[in-house]
Amino acid sequence: MLRNKFILYFGILFTFSSCEFSQPKTEDQYIADMKTLLKEKLSAEYEIGNTQRATHVKSHGLVKAKFDVVDSLPDELRVGIFKTPKTFNAWMRFSNARGMAQSDKIKDFRGLSIKLLNTSENKIITHDFVLQSYPTMALGTVKDFRDGMYYDLKKSRLYAAVAFVFSGRLGVLLDFNSGRQLHSSPLDIDYWSATPYRFGQKIVKYRLKATSDYKSEAPKDLSDNYLKENMMTHLRNDAATFDFEIQFYINDKLTPIEEARTEWKESDSPFIKIAEITIPKQSFDSQKRRTLQMQLSFDPSNVPDDHQPVGGLNRARKAIYNVLASFRSNRDNIELITPSFEEID
């Protein structure tokens, strides 16, 4: 009897998933679907006045940093913000990737958003980087991203898993499993853009390589907030450092632009260091920082022309990020701001 119910259940799932996956849409339609789904999620899950981000909800901390462009770059790497040696002030927000606040004891991807600040003619100009703790995106196309979002929000994670298996996308689930990990500290790990960006006339991906002398150890008994606690201990004792690197596009086979599930292998396209990041010793677990991290928005398309995002997922993000930030701001009547360092301790 149990076996028959099991077969029936999966048969139903297969029928539903096959039907829904068999109706292709345009990229713009998938993006419109995602905007609607995410607005519905935020409206349903949060009371007005407490609207969180759609993803990367749990923040481990918002920290001040220095972003130093390497002063010995060859001419071909002197592009955009990297044209001349310069030090940018930066805000960096570390997070868990899940679209809900959950314990650090649960395996997850980690996120890192960076906002570079530069004042010109009394106007604050910013440049955002959005990175994650894994070199590829499990949902590597706009269609995959929409499908995963739809089944996760409208059905269940089990439903999503079965639907992806029966539609020939088992690799998506395997990538999710590989990318979710328990980490010692957000300051100890590498981060990747996972999606490509223009670098003048060329195309690159980014990597942040952790280079700190100080390394955290995961406690024997993990707490719900051990990642933030380890960050606090690290930055109380020592600075944290990263190398900022780029990796050039080679061709569509080795370094595809439209399929973010495919890793750009370092053996095919080596990483090149073009900047250094220093997070000085600081205390960041304050109410001011917690409030500010909700008032900051990070958008991978908030960049100058020389560094514009490319590829399907980035086209989707460009369309969605600003809409969701405005939705959150308008719903809660909060102003999205970018303060200078001097305004916040």
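The preceding data block contains the structure.
The structure contained in this document is the topic of the report that follows. (Residues numbered from 1 in each chain as written. Predicted model: local features only at pLDDT ≥ 70, side-chain atom pairs only at ≥ 80, totals over all residues. Heavy atoms only, no water.)

Once that is clear, we can look at the packing of helix α2 (residues 27–45) against helix α8 (residues 312–332). Two numbers describe how α2 lies on α8: the axes approach to 10 Å, and their chain directions differ by 30°. Comparing their axes, α8 and α2 come out roughly parallel. By crossing handedness, the relation of α2 to α8 is classed as right-handed. Residues Glu27, Ile31, Met34, Lys35, Leu38, Lys39, Leu42 and Ser43 of α2 pack against Gly312, Arg315, Ala316, Ala319, Ile320, Val323, Leu324, Phe327 and Arg331 of α8. Broken down by class, the residue content of the contact of α2 with α8 amounts to ten nonpolar, two polar and five charged. (Axes fitted to C-alpha atoms, helices over the stretch in contact; angles between N-to-C directions. Helix = DSSP H or I, 4+ residues; strand = E, 2+ residues; numbered from the N terminus. Parallel < 35°, antiparallel > 145°, perpendicular 65-115°, else oblique. Left-handed = near helix turned anticlockwise from the far one by under 90°. Contact = heavy atoms within 4.5 Å. Nonpolar A, V, L, I, M, F, W, Y, C, P; charged D, E, K, R; others polar.)

By the secondary structure assignment, threonine 255 is in the loop between β8 (240–248) and β9 (272–279). Exposure remark for threonine 255: the relative accessible area of 0% places this residue in the buried category. Within the structure, the side chain of threonine 255 is placed 2.7 Å from the backbone nitrogen of isoleucine 250, a separation counted as a polar contact. Setting aside chain neighbours within four positions, we find threonine 255 in contact with Phe248, Tyr249, Ile250 and Trp264. (Buried < 20%, exposed > 50% of the residue type's maximum accessible area, 1.4 Å probe, protein only. Polar contact = N/O pair within 3.5 Å; in protein donor to acceptor, adjacent residues only side chain to side chain.)

The end-to-end C-alpha distance of α8, which contains 21 residues, comes to 30 Å, matching closely the 30 Å that a straight helix rising 1.5 Å per residue would cover. Of all the residues in α8, the buried ones are Gly312, Leu313, Asn314, Ala316, Arg317, Ile320, Leu324, Ala325, Arg328, Ser329, Arg331 and Asp332. Asparagine 333 sits one or two positions beyond α8 and adopts a positive phi of about 55°. (Expected span 1.5 Å × (residues − 1).)

Attention now goes to the pairing of strand β2 (residues 87–96). Most of β2 is tucked away: eight of the ten residues are buried. As paired strands, strand β1 (residues 59–69) and β2 are joined by nine bridges and run antiparallel to one another. Note on β2: the bridge partner recorded for aspartate 68 is threonine 87. (Pairing = 2+ DSSP bridges.)

Turning to helix α4 (residues 157–166), its buried residues number three or more, namely Tyr159, Ala160, Val162, Ala163 and Phe164. Residue glycine 168 follows α4 closely and has a positive phi angle near 80°.

On to the nonpolar core, then. Counting residues in hydrophobic clusters, the biggest one holds 40 residues, and the most contacted among them are Phe67, Phe82, Met92, Ile114, Phe244 and Ile279. It is β8 that provides the largest number of residues to this core, a total of five residues. Those residues in contact with isoleucine 114, other than ones at most four positions away along the chain, are Ala90, Trp91, Met92, His127, Asp128, Phe129, Leu131, Leu208, Ile277 and Phe298. Ile31, Met34, Ala160 and Leu324 belong to the second largest nonpolar core, which has 19 residues in total. (Core = buried A, V, L, I, M, F, W, Y, C linked by side-chain atoms within 4.5 Å.)

So, about the pattern of salt bridges. Scanning the entire structure with this criterion turns up 23 salt bridges. For the salt bridge of aspartate 243 with lysine 273, the shortest nitrogen-to-oxygen distance reads 3.4 Å. Residue aspartate 243 is located in strand β8, and its partner lysine 273 is located in strand β9; the two are separated by 30 residues in the primary sequence. For aspartate 243, a relative accessible area of 15% translates into the label buried. Note that lysine 273 and glutamate 276 form a salt bridge whose closest N and O atoms lie 2.5 Å from each other. On the accessibility criterion, lysine 273 (33% relative accessible area) is partly exposed. (Salt bridge = Lys/Arg side-chain N within 4 Å of Asp/Glu carboxyl O.)

What follows is about unusual backbone geometry. With a phi close to 65°, alanine 194 is a non-glycine residue in the positive phi region. Take alanine 194: it is sitting in the loop between β5 (191–192) and β6 (197–199). Phi at asparagine 333 is positive, roughly 55°, even though this residue is not glycine. Mapping asparagine 333 onto the fold places it in the segment after α8.

This part covers the packing of aromatic side chains. In total, this model carries 18 aromatic pairs according to the counting rule given. Summarising the aromatic geometry, the rings of phenylalanine 67 and phenylalanine 129 are spaced 6.0 Å apart at their centres and angled 15° between planes, so their arrangement reads as stacked. Here phenylalanine 129 lies in strand β4 (residues 123–132) and phenylalanine 67 lies in strand β1, a separation of 62 residues in the sequence. Like phenylalanine 129, phenylalanine 67 is buried. Put simply, the rings of Phe67, Phe82, Phe88, Phe129, Tyr197, Phe199, Tyr206, Phe244 and Phe248 touch in pairs and so form one group of aromatic residues. The ring of tyrosine 150 carries the charged tip of arginine 146 above its face, separated from the ring centre by 4.6 Å. (Phe/Tyr/Trp six-rings, centres within 6.5 Å; stacked < 30°, edge-to-face > 60°. Lys NZ or Arg CZ within 6 Å of the ring centre and 35° of its normal.)

To continue, consider the packing of α4 against helix α5 (residues 170–179). For the pair α4 and α5, interaxial distance at closest approach is 7 Å and the crossing angle is 130°. On the basis of the axis angle, α4 is oblique to α5. Together, Ala161, Phe164 and Val165 of α4 and Leu170, Val172 and Leu173 of α5 make up the contact between the two elements.

Glancing now at the pairing of β8. Most of β8 is tucked away: eight of the nine residues are buried. As paired strands, strand β7 (residues 202–210) and β8 are joined by seven bridges and run antiparallel to one another. Its bridge partner lying in β8, lysine 209 is registered against aspartate 243. Bridge count for β8 against β9 is seven bridges, and the pairing is antiparallel. Pairing of threonine 241 across the sheet is with threonine 278, part of β9.

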